[in-house]
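Residues per chain are reported as follows:
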Amino acid sequence: MVTVRTQTKKPLGVRATAQEHRILVAAAKRERRSLNSFVLEAALRAAKNETAAVERTPETIEAAIRRAQQLMRPHLKGGESLSEELIRERRAEAALE
């Protein structure tokens, strides 16, 4: 005999204004889905988004800065910093005004 296990589903509650509810109902109808299915799928998609899940710590920020510096390194002129280049460009633009 085959035993079929069903997953226990947990209820989720959410409150929406009348306008928010109308928008969600219309979107669910466009996709021919129930409101519950539509909202759950959208919430799960947002929760799984890797960009949103990145924790901003000093270490992750430092790593992002290092990656940006590595990407810019080939474009640097011999030993000049980007800030020095930017300041020089802004001064030249101001002189033309």
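Computed from a predicted model, the values in this text were never measured in an experiment.

Visitor: What am I meant to see in the packing of helix α1 (residues 18–30) against helix α2 (residues 35–48) here?
Guide: Working note: a packed helix pair is described by the angle between its axes plus the distance between those axes. Running from N to C, α1 and α2 point in directions that differ by 95°, and their axes come no closer than 9 Å. Regarding the angle of α1 to α2, the classification is roughly perpendicular. Note on element contacts: α2 touches α1 through L35, F38 and V39, opposite H21, L24, V25, A27 and A28.

Visitor: How should I be thinking about α1 in this particular structure?
Guide: Along an α-helix, residues three or four apart share an orientation, since each turn contains 3.6 residues. Between the first and last C-alpha of α1 there are 18 Å, a value that for 13 residues agrees with the 18 Å anticipated at 1.5 Å per step. Following α1 by one or two positions, R32 adopts a phi angle in the positive range, close to 55°.

Visitor: Please explain the pattern of salt bridges as it appears in this structure.
Guide: It is possible for side chains of opposite charge to pair when their charged atoms get near one another. Applying the stated criterion to the full structure yields four salt bridges. The partner of R33 in a salt bridge is E31, and the shortest N-O contact between them spans 3.1 Å. Under the relative-accessibility criterion, R33 is labelled partly exposed at 28%.

Reading guide: rules and limits
- Note that residues are indexed from 1 along each chain, following the sequence as it is written.
- In keeping with the model being predicted, local features are shown solely for residues with a pLDDT of at least 70 and side-chain atom pairs are shown and tallied solely at 80 or more, while totals for entire chains, interfaces and linings include all residues.
- Excluded from the side-chain calculations are hydrogens and water; all other atoms, namely the structure's heavy atoms, are used.
- Axis definition: a line fitted to C-alpha atoms, limited for helices to the stretch in contact. Angles are taken between N-to-C directions and run from 0 to 180 degrees.
- In DSSP terms, a helix is any run of H or I states spanning at least four residues, a strand is any run of E spanning at least two, and both are numbered starting from the N terminus.
- Any angle that falls under 35 degrees is termed roughly parallel, while one over 145 is termed roughly antiparallel, one within 65 to 115 roughly perpendicular, and all others oblique.
- In what follows, a contact means two residues having at least one pair of non-hydrogen atoms within 4.5 Å.
- Expected span, for any helix, means 1.5 Å times one less than how many residues it has.
- In the sections that follow, a salt bridge refers to a side-chain nitrogen of Lys or Arg positioned within 4 Å of a carboxyl oxygen of Asp or Glu.
- Burial classification: accessible surface area is computed with a 1.4 Å probe over protein chains only, and a residue below 20% of its type maximum counts as buried, one above 50% as exposed, and the rest as partly exposed.

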